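Notes for the structure review
Chain residues, written in single-letter form:
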Amino acid sequence: MTTYTLRKAAADRVRTDLVVIGVGTDKKGAAVPLGGAEAVAAAYGRGFAPLLAAAGFTGAPGETARVPAGDQVNAGQLLVVGLGDRDALTPEKVRRAAGVASRSLGNVASVALALPADDADHVRAVAEGFLSGLYRFEAFKSKPRKVSLADVVVLSYGARRSDVVAALDHAVLLGDLTAKARDWVNTPPNALVPTKFAAEIQKLTKGTQVGYELVTAAQLKKLGCGGILGVGLGSANPPCLVKLTWAPAEPRGSVALVGKGITFDSGGLTIKPGGSMSAMKSDMAGAAAVVAAIHAVAALELPVAVTAYVPIAENMVSGTSMRPGDVLSMYSGKTVEVTNTDAEGRLILADALTMAAREAPEVIFEISTLTGPCVVALGDRIAGLFGDDETVAEVERAAGVTGELFWHLPIPPEQRTSVRTESKVADLLQHNWVRWGSALYAAAFLEQFVEDVPWAHFDIAGPSYNTGGPWGHVPSGGTGFGISTLVELVAARANR
Ligand code: BES
Ligand code: MN
Ligand code: ZN
């Protein structure tokens, strides 16, 4: 257990094992101490700049330098992190620098963070980034490392202000829930089959104000959820749907969240090549994000009613698998011709979206690892964003606060037409084998199931899972992408 506290103290005076300071660059490219670093630089006097120069430290983002602390400061060690251009400093840059710092701590028991943290937004960024960078997944290692870090002190002049205190609490809450979501994403697929995932979600709701309801495969059959059942056909592990509710006493609005929960995506009979299949345990990252988000909303007691719909299935190959050419009868009442069993996400989401829409929420936010083509278009740090213009603008505003990156993509009318008219046997065509713009086609398909409720779809196939090394505050593996923006979306609705 690591405890987080706020303190209004000068960075050169704190007596922790290590103190983290931030150094940026000025117009001429020279290194300049920022935030709490100023007090440390003053304590070193003229010796400070040569110390950084000797370490080859310039102040660029991502850089670190470990400086042995002398009599000038009370802490045992100094860790300097780069913040980049001082005039372009944003909370997101501070968040990333704090993440770099927490990944470079070494074996210490207490840390003070003296990064730019004068207001609530920056305190939140410092704490979120630091917590995020600390994350490790070692549940399946026979010898997990010992965690020595016990105390983290965030230094801020606003330490006693109530909004700053709330910002730290918010960051710790989100850090814990993000870690939970990452754990699920990183858990091997043999250890998180659909009913196990549902049980894990139920476990998280224990002792909270979040309501849990399980819709079993047998119940899905009675309801006519052909999409979820069709995808689950090939697996020995039956599908299900989890519904979570946060129902405050006097809600100021209502939001539905929907997240894709494919515990493993082999592609089904339209099987994936080995390389594309290797990270497909992460195909439930959207589900993990909505579960984490609704728990944060409930813990913060935000006065907005939130319902989360989590369709869960395993997309496998067997003699009972769904075939290309099959026609599924969906919960909405429409029929769908399946042409690609690897476009399974939209099938389970369709049923969940209809379920959400029929309870008439004010808005639906749906988040899914939906398409590789979206990653081709936007890379692996930016999510695709689709929906009606107003809801898209709302998401862009929230993302501006959280620092998560989204890019608005269109749903072209001709793809909408293709979904509706190009199946010769069913009402809707699941997938069009024309290769171009496949992420857009997927969104056009989903749109058929939202029944005129305002909505946005986040395609997080790229940013949900980091196949490379850690960067900024983002670890390898599951990232928890989308959680903070979903919570911010609900918080913004509570305040309007
Ligand atoms: N789960 C995949 C999408 C995915 C790809 C997530 C890469 C994360 C990383 C999804 O079910 C899928 O297979 N999509 C197809 C879309 C295609 C049929 C338009 C794909 O990516 O090939
Ligand atoms: Mn697939
Ligand atoms: Zn998938």
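These lines cover the structure that appears in this document, whether it is placed above or below.

Thresholds, definitions, all that
- Residues numbered from 1 in each chain as written.
- Chains lettered and ligands numbered in written order.
- Predicted model: local features only at pLDDT ≥ 70, side-chain atom pairs only at ≥ 80, totals over all residues.
- Heavy atoms only, no water.
- Helix = DSSP H or I, 4+ residues; strand = E, 2+ residues; numbered from the N terminus.
- Rg over C-alpha atoms; globule rule 2.2 N^0.38 Å.
- Buried < 20%, exposed > 50% of the residue type's maximum accessible area, 1.4 Å probe, protein only.
- Contact = heavy atoms within 4.5 Å.
- Areas by Shrake-Rupley, 256 points an atom, 1.4 Å probe, with all protein chains shown as cover.
- Lys, Arg positive; Asp, Glu negative; His and termini not counted.
- Charge placed at Lys NZ, Arg CZ, Asp CG, Glu CD.
- Donors = N, O, S within 2.8 Å, 3.2 Å for Na, K, Ca; no water.
- Tetrahedral: all angles 85-135°; square planar, octahedral: opposite > 155°, others 65-115°.
- Pairing = 2+ DSSP bridges.
- Salt bridge = Lys/Arg side-chain N within 4 Å of Asp/Glu carboxyl O.
- Near = heavy atom within 4 Å.
- Polar contact = N/O pair within 3.5 Å; in protein donor to acceptor, adjacent residues only side chain to side chain.
- Nonpolar A, V, L, I, M, F, W, Y, C, P; charged D, E, K, R; others polar.

Here we look at the overall build of the protein chain
A tally of helices and strands in the protein chain yields 16 helices and 21 strands. Here the C-alpha atoms of the protein chain give a radius of gyration of 24 Å, agreeing with the 23 Å that 2.2 N^0.38 yields for 496 residues. Summarising its shape, the C-alpha atoms of the protein chain cover approximately 80 × 50 × 45 Å along the three principal directions. Counting only residues that meet the buried cut, the protein chain has 57% of its 496 residues in that class. For the protein chain, restricting intrachain contacts to residue pairs at least 6 apart in sequence, the fraction spanning at least 24 positions comes to 77%. Here the protein chain has roughly 20000 Å² of accessible surface; of this, 54% comes from carbon and sulfur atoms. Computed over 45 positive and 49 negative side-chain charges, the inter-centroid distance for the protein chain is 6 Å.

So, the coordination of the manganese ion (ligand 2)
Within the protein, the atoms that donate to the manganese ion (ligand 2) are D265 (OD), D342 (O), D342 (OD) and E344 (OE), at distances of 2.1 to 2.2 Å. Viewed at the metal, the six donor atoms of the manganese ion (ligand 2) are separated by angles of 73 to 170 degrees, and the geometry they form is irregular. If you look at the manganese ion (ligand 2) and the zinc ion (ligand 3), they sit 3.1 Å from each other and are both ligated by D265. Residue D265 is found in strand β11 (residues 261-265), and its partner E344 is found in the loop between β14 (335-337) and α11 (345-357); the two are separated by 79 residues along the sequence. Across this residue pair, the class does not change: D265 and E344 are buried.

Considerations on the sheet that holds strand β18 (residues 428-429)
Strands sit in the order β13-β14-β18 across an open sheet of three strands; the sheet is mixed. With partners counted over all chains shown, the strands left at the sheet margins are β13 (327-329) and β18, one partner each. Pairing analysis gives three bridges linking β13 to β14, with the strands arranged antiparallel. Pairing of V327 across the sheet is with E337, part of β14.

Considerations on the pattern of salt bridges
Following the criterion strictly, the structure yields 20 salt bridges and no others. As a salt-bridge pair, R145 and E138 come within 3.3 Å of each other at their nearest N and O atoms. Note that R416 is salt-bridged to E447, the shortest N-O span being 2.7 Å. Highlighted residues: R416 in helix α14 (residues 413-421) and E447 in helix α15 (residues 438-447), separated in sequence by 31 residues. Owing to a relative accessible area of 22%, E447 belongs among the partly exposed residues under this scheme.

A few points about the coordination of the zinc ion (ligand 3)
Coordination sphere of the zinc ion (ligand 3), protein contribution only: K260 (NZ), D265 (OD), D283 (OD) and E344 (OE), at 2.0 to 2.4 Å. If you look at the zinc ion (ligand 3), its six donor atoms make angles of 79 to 172 degrees with each other, and the shape they trace is octahedral. Linear spacing of the donor residues for the zinc ion (ligand 3) on their chain is K-x4-D-x17-D-x60-E. Residue class for K260 comes out buried when judged on its relative accessible area of 1%.

Topic: the site of ligand 1
Neighbouring ligand 1 are 18 residues, the closest being D265, K272, D283, D342 and G372. The separation between an oxygen atom of ligand 1 and a polar side-chain atom of E344 is 2.9 Å. Between ligand 1 and the protein, one listed contact pairs a nitrogen atom with a backbone N or O atom of T369 at 3.4 Å. Coverage of ligand 1 by the protein chains reaches 82% of its 510 Å² of free accessible surface. For the shell around ligand 1, a count of residues per class yields five nonpolar, six polar and seven charged.

Overview of the environment of A65
With respect to the helices, strands and loops of the structure, A65 is situated in strand β4 (residues 64-68). The exposure class assigned to A65 is buried, which follows from its relative accessible area of 4%. Considering only alpha carbons, one finds A65 and F449, 384 residues apart in sequence, at a separation of 53 Å. If we skip the residues at most four places from it in the chain, A65 touches A55, F57, L78, L79 and V80.

Purely geometric numbers; function is a separate question.
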